Each structure stands twice: as C-alpha cells, then as structure tokens.
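Residue-level listing of the chains:
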Amino acid sequence: MRLRDFDLYETKTRLMIVGTNDYMIYRIAKIDKASDFQFVVDPVSYTKREVEQILEMMANGNRASGGLKLLTRFYGIFGFVDFLGGKYMILITKRSQVALLGGHAIYHIDDTLMFSIAPKVEKQEEMRYLQIFTQMDINKSFYYSYSYDLSQSLQRNLQDGQESNLMFVWNHFLTENVYPNDSPFLLPIIHGFVDQSKVSVFGHNIFVTLIARRSRLFAGARFLKRGSNDNGQVANDVETEQIVFDCATTFFPGSSYSQSRYSSFLQHRGSIPLYWSQEGLMAAKPSIQMDLIDPFYTAAARHFDNLLQRYGSPIMVLNLVKAKEKIRREGILLQHFTEAISYLNQGLPEQERIRYIAWDMARASKSPDQDVIKFLEKIAQDVIAETRFFVTGKNGTTLQSGILRTNCIDCLDRTNAAQFVAGKVALEHQLHALGIIGTASLPFDCDAVNLLNAMYHDHGDTIALQYGGSHLVNTMETYRKISRWTTNSRDMIESVKRYYSNSFTDAEKQAAMNLFLGIYQPKKSLVHLWDLPTDFYLHNDPPFIRNPPKSYIKWFNPENLEIKPFAKKLLEDMFERYYNPRRLEALGELFAFKIVCTANNAEDLVSPFSVRPDPQHSGYLMLYSLNIGGVKRWLALTDNEQTKEDQNQPEKIKEERKTQEPRPAGNTARLAMQHLEPLVSEQEEEEYKRYTTQFSSGYDMQESPQLHPEYQLFKRHVSLAQDPFRAGFQQALPIQDENAYKKYILSGSFEANVGLGALSNNLLREEGYQGWLRSGKFINPRKITPLSA
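Residues numbered from 1 in each chain as written. Predicted model: local features only at pLDDT ≥ 70, side-chain atom pairs only at ≥ 80, totals over all residues. Heavy atoms only, no water.

On to the overall build of the chain. Per the secondary structure count, the chain includes 22 helices and 22 strands. Within the span of the chain, comprising 789 residues, buried residues form 52% of the whole. Partitioning the contacts of the chain with sequence separation of at least 6, the portion at a separation of at least 24 is 67%. Accessible area for the chain stands at about 38000 Å²; split by element, carbon and sulfur atoms hold 52% of it. (Helix = DSSP H or I, 4+ residues; strand = E, 2+ residues; numbered from the N terminus. Buried < 20%, exposed > 50% of the residue type's maximum accessible area, 1.4 Å probe, protein only. Contact = heavy atoms within 4.5 Å. Areas by Shrake-Rupley, 256 points an atom, 1.4 Å probe, with all protein chains shown as cover.)

What follows covers the sheet that holds strand β2 (residues 14-20). Here we have five strands laid out as an open sheet, ordered β4-β3-β2-β1-β5, and antiparallel in their pairing. For this open sheet the edge positions go to β4 (39-41) and β5 (69-74), each flanked by a neighbour on one side alone. Neighbour-to-neighbour, the strand axes of this sheet turn through a mean angle of 20°, independent of strand direction. The pairing of β2 with strand β3 (residues 26-32) spans seven bridges and is antiparallel. (Pairing = 2+ DSSP bridges. Axes fitted to C-alpha atoms, helices over the stretch in contact; angles between N-to-C directions.)

Turning next to the pattern of salt bridges. Under the defined criterion, the tally for this structure stands at 21 salt bridges. For the salt bridge of Asp410 with Arg222, the shortest nitrogen-to-oxygen distance reads 2.9 Å. Residue Asp410 is found in the loop between β20 (403-407) and α9 (413-433), and its partner Arg222 is found in the loop between β11 (204-214) and β12 (238-246); the two are separated by 188 residues along the sequence. Asp410 gets classed as buried once you look at its relative accessible area, which sits at 9%. Since its relative accessible area comes to 12%, Arg222 is described here as buried. In this structure, the salt-bridge partner of Lys424 is Glu428, at a minimum N-O distance of 2.5 Å. You can see Lys424 and its partner Glu428 sitting in helix α9, four residues apart, about one turn around the helix. Comparing Lys424 with Glu428, the two get one shared label, buried. What emerges from the salt-bridge pattern is a single network uniting Arg213, Glu239 and Glu241. (Salt bridge = Lys/Arg side-chain N within 4 Å of Asp/Glu carboxyl O.)

Turning to a nonpolar patch on the surface, a few remarks are in order. A contiguous nonpolar surface patch, about 280 Å² in accessible area, is contributed by Phe296, Tyr552 and Ile553. Within the element layout of this structure, Phe296 appears in the loop between β15 (288-290) and α5 (298-311). (Patch = residues over 30% accessible without salt bridge, like charges linked within 9 Å, V, L, I, M, F, W, Y side chains within 5 Å.)

Before going further, it helps to spend a moment on α5. Look at α5: 20 Å from first C-alpha to last across 14 residues, which is about the 20 Å you get at 1.5 Å a residue. Backbone geometry just downstream of α5 places Gly312 in the positive-phi region, at approximately 80°. (Expected span 1.5 Å × (residues − 1).)

Here we come to the confidence of the model for the chain. For the chain, per-residue confidence averages 80 on the pLDDT scale, and 73% of positions sit at 70 or higher. This stretch, residues 622-666, has a pLDDT under 50; its non-local contacts, to residues over four places away or in other chains, come to 75 contacts. The model gives residues 778-789 a pLDDT under 50, and that stretch makes 26 contacts with residues more than four places away or in other chains. (pLDDT = per-residue confidence, 0-100.)

Attention now moves to the pairing of strand β7 (residues 87-101). Of all 15 residues making up β7, 11 are buried, and the element is well covered by its neighbours. The pairing of strand β6 (residues 76-82) with β7 spans six bridges and is antiparallel. Bridged to Val81 within β7 is Tyr88. Examined bridge by bridge, β7 and strand β8 (residues 104-116) share 12 bridges and lie antiparallel to one another. Each residue of the ladder has a partner; that of Ala99, found in β8, is Ile106. Where β7 hands over to β8, the hairpin turn is made up of two residues, of which Gly102 adopts a positive phi near 55°.

Time to look at the nonpolar core. Ranked by internal contacts, the top residues of the largest apolar core, which has 80 residues, are Leu431 and Phe609. It is α9 that provides the largest number of residues to this core, a total of nine residues. (Core = buried A, V, L, I, M, F, W, Y, C linked by side-chain atoms within 4.5 Å.)

This part is about the packing of α9 against helix α10 (residues 447-467). Two elements in contact, α9 and α10, have axes separated by 10 Å at closest approach and are oriented at 145°. In the packing of α9 onto α10, the handedness of the crossing is right-handed. Of α10, the residues touching α9 (which contributes Asn416, Gln419, Phe420, Gly423, Lys424 and Leu427) are Ala448, Val449, Leu452, Asn453, Tyr456, His457, His459 and Gly460. For the contact of α9 with α10, a count of residues per class yields six nonpolar, seven polar and one charged. (Left-handed = near helix turned anticlockwise from the far one by under 90°. Nonpolar A, V, L, I, M, F, W, Y, C, P; charged D, E, K, R; others polar.)

This is how it looks when you write it as structure tokens:
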C-alpha cells in the first residue's frame, strides 16, 4: 500500500524520510550523504508513537553535530536524477484533486521541489545540465494516484494479472533502480490530461471522466518528432479514455461494498508510422520528406503489432490528411500510408485486417454540400459496433476489443474534432448501457454534449500545447460551420504562437525532454547534449545493429489476435479510505460536490439530454473554455464578477448600465455583447478622441499649431533633445522644428529633419519622437533615459 504523506528530516550525514498512509501505518527510508547513493527502506512498519520515539533518539544522538531538522513536508517522490556527479531529489510539494474514480482520488501536481542530496558539483557542465533539466515544466499536466494505476485503462485495472504500462509512466527513468516495483514509496506519474464533470439527471449524478495518457517513447516537439522510429513508436502518441459511471454508489465492481456500473471507451492518436520528417523550420509550412522508403514497412508493422498487443483487434484507422493541395505535401504521406496498410493487410487473417478510412476532412469542412459531423458520426457508429466498449455492473461485463486510431498531419486540430464526435457517440451508448437514457442518441447543444465538448476542447488544447506549442487552431465550431467571424483572429493568433514555438523554442524543449526521460544520459555519452548535431540516434538504433523484422509477411504476433479471458481483480477496498472515520468533513468540502455540473442550481429541472428552450441559459455551459485555465475555472465564473467590474466604473457608466437591457448571464454571450457595445471609462474615451483627432483637419496648423493636443508632447521632446536640464522651462521651439511638426500632422509623416543639429549622431528627431510616444523612453545620443509621457 502506497504512502501518501511524507516528512523529510536531515542530519549531518543522512536524510530520513518518514511516510504514512490513511491507516496510520508508518514506513521509514534513509539516504546516506557520504556514500554512493542508496535509497534504503526499513522493512518494519511503525505506529505513530514508535516513529516519535525514533525521531527523538536520532535528535539526541546527533545533538553534537547539529541535531535533527525537519526540512519539508511533501506528498510524494517524483524521482531522482544525476548528471555528472551531483544527485538530486524531486519532491511533490503541492497537489490538487482533479478526479474521483471508484473512491480512488486522482491528483494534479501543482508544485515540486528539487534539491541536491549529495555534495554539489560546481562544474560548468553540471550547471548547464541542471538548467536544461529544469526547463521541463513538471508542474503542468502531470497526474498520479496513490491507489489507482493511471497508466492502465479501466478495463485493464479491473483485470487480474495486469501491471503498469511503462510507456505512459513519465518518471520511470527517474525511479528506475532506486526501489523495487512493490515499494510503498514508488509513485507512477503520467503526463497528459485529466478532467471530470458530472451530468445531473434531475439530481441523479452521472460522472464523465476524460483521461489522456501521453507516451514517453519517441516523445518530443512538433517538427522535431515526426512519424516513427525503428521500434514502431510514433510521435504524439496519446491514448484517450472516456469513463462514464453512475455514482449512486461509489466503488468499483468487485469490492465488497459495490454494485456500481462503470463504462469505458478507448481511442488512440499518433503520427503516421512511417519514416518522414519536415525540414526548414523557419517556414510556416515546411516541406515533407520521406527519409526512408521501406518496401516492407517494418516500422509500421511494429507499430500495429504493438496496438494489437495493447488493444486487440480490429484496428480501425481514420486518416484525415489532405488529398488535394496546390503544393503537394500531405498527399505524399496519404499515398505511402495507404500503401503500407494495403501491404500489412496481406499477412493478416481476413477478419482481423486493419479497417482503413482515408478522408480529406479539411476539404470537406470548406465544402458547402458536405456535412462533416454526420460523416464522422457514421464512422463512430461503425467503430462502436466493431470494437464495442467496456461496461461492467450487476448485469455482467462487456469488453472492448480493438481501437480507433485517428491521425491528421499533426494529430491536433482535425484529430481532436474527430475524437470528440467519436466520444459523443460513445457517450450515447454508454449512457444507454447504464440505463440512463432509453435510446442511444443525444442532440448537439444539449447540456451533456456541451459539457463533453468543453472537456474535449480542454483535452485538445492541452495536447496541442504539449506537442505544438499553442492552443487548438480549429475548434468544433469550425467543423460544425457555426463559428463566428471573430474566431478568425483567434485562429491567426494561435497559428502565430505555434509558428513561434516551433521555430524558436522547440529545440530547447526537445533537449530538456531527452534529458528528463533518460534518452540522453550524460555519464554514458562522450559528447555533451548541446554538442549533438541531431538526436536521431538517441531515438533510433545505428544501422549496423538494427534488428531485422521476424517476418516480412507474418509481421504480427499471433497471440495478440487471440481473445484473452477476463478475470476480475479485487481492487483495494476503498471504503475506509474514502469515508475516513478519523477525519471530520462537511459534505460541501468533498471533491464530488465541487465538480462542474450540467445543472446550474438545485432548481434546474431541464433535462441534460435535450436542448434548452432558453438559448441564453445555455451560456452557463460554454462550448469551450476561452482560457487555458481549463473548463472548471471558466465555468465557475458568476455574475459576481460583473459586480466587481461595476465598482471600478465611473458613475456615468453605471447610470448608462441601469437604463440598458440586462446582459446575458452566460460568459460567452456577455463577452460578445461587450465587444459589440463596449462600455468604456471617461479616461479611455478621452484617449480615444485624442488618437482619432491627431491627424484631423479641424486644427488650423498653418495659423496655430500650438493648439494641437500633441504639440506640448512634441515640444517637451525637442527641449529634451536640445538641453535635458532645461526641458522643464518654457522656451520657444526653433522655427524649423515647428514647420516640420506642421507637415507631420498634415501629412501623417515627417518630411524634414527635426532638430537635426541638436543630435551629434544624426538621429532623426522624428524617429526619436515616435519611439518616445510608443515606449515612453527618451532616446539620447549618450544613453536611453526612461521618461513618462
């Protein structure tokens, strides 16, 4: 049983970690500073009183050398790392609960602490490795659970004999060879996305959970990791699981207190499993190159064999790359991927062959006579019929066998939209199987689907940030053809962010990831990480030691096609842990009562499976969140925020608001109204008037340029250029400066050198003046002096 709360103590010669669980059982581990690193776990379990006695004895025994000090309290050990000699420990110091599954809490890592546990190595190379390592932000999108294996799907967690799937355990390298797999200190951590919401059916709550597991194998940034490596591991490999359960009872089936009904549906996304890349990163759309033409498609064969091992058959491939382009790019991959599937299917039994669907989704979304959503829904219905989904309860168990594998060129925008539609169809069948709805059908824009849409949008945003460096560019509104014209500017901004990230920051991100995952290890390499011209051979074997395929025809393992028996595993009984008798809690403090819900309030009697008659009321459930803080934070906004805004508005604006019609409570609608009918303060209004009248012909510049509102700013700037010490005194401007100012206002640009003689470096005065207006800084030949306008 894993420990949950820890204290770290230090003496002069060693570190000591004391951990406990909910049952008040204590374990102790020690790390000696002087000797080679060893994490030694005391096999004895202690009570609280016994631990207090041990700590007292250690404090007395080390009194002469400084005693025993409590360094920090923490919630888990992320791992250990060393570079060229120094050893560092990473601790989880802050966490927040994000989901609840069968009484098992799932946490997000909010903050960590990394410190040296061995004598510091002051080498420049050591410090540089440390700086690269810390660029890996482990305080975002990393999740763990003390009692539930997040690296496995629900179906495998409830199946006997299943171990952690190490391809999804991102701290595997950091904990490898430190302690055994059954150590109470070991904490598997995944990277990806976890979100949970609940659908309220007239007070009866149904929990919907979304879990995305990103593979650590062949992981990296967008343009630096494309296609597949020699082992069939693909870039941007993400497994997405949609879990729906009736929370009338809390625990998983199999526990002594449970009659719960749970359902799970799995999807997969990943780059096209061929040898391909994109060069010319400074281009917006780099050309696609096939790095190796393998007539036997060895990498693709190994990839699909791994999918058969993980999910069984059939495998259904939805390829969304473009078929027609002005300049052929994605079409190259479409041709080779289609040929690869055709070749691999020759060796498979007919009933087990890969189902392959190629469809130009981008072209269909721009065509007025094609319905993207209907086509995707039809595919999703076929997927559910072929692979089924996992459901268990008092009426027995149904297993999912097979997987839907979706890809586009980046596996981001189009892929996420297709996965949402598949998730919507799966939700219909899951709710029907659990006895919540009578027919497996839900309309778009009902509360349940809107909430699922918001979850998938956050899911896609998170994956896009991890792989591409920006949020989603195209959302579900784009493919439903209901997006507003204002979304174009948002899409452009996200495209620019993605381009900037790919061009300037991805190389550093990739180096940090290679070091973090142990793909590059400084002690085992003769060349420093920053001196490597490429990381290709870190992810691939050299040509002279590559393993040949076991067979060019029978490329798969026949055991992966067999239907494996399902033996239920009795999970840890969570009753005492969840309903802790030693802790007093109010119901409102429990996580289950804080989850975002479709019901606006207790008196909301509208079914979450029908479209609301009042469209403004649906603003409570937005189609997606508008900030990366996530759907929870955005949906939690209330009208109290509008009250806070009112407190900062002038009285004139407040009076205008009283006479206007009340604005919608929904945040999206209110945001749109604010853009269409903006309410600004008097100060903003005056500034805007100054801006719009700057080049107005209402001022007689030939007669009285001093009346122009910008004249005094210009005069102060010229005075600073002539004599900074006398700028505050009234003095007349040279006639050439005043004439140039007239031309500037009348024509919108300078045609004369203003005060050229006053600057020894021939800097044009108007350039300095324009820069001063933009930045508030006065440009001087000798220095730049900050100055407030």
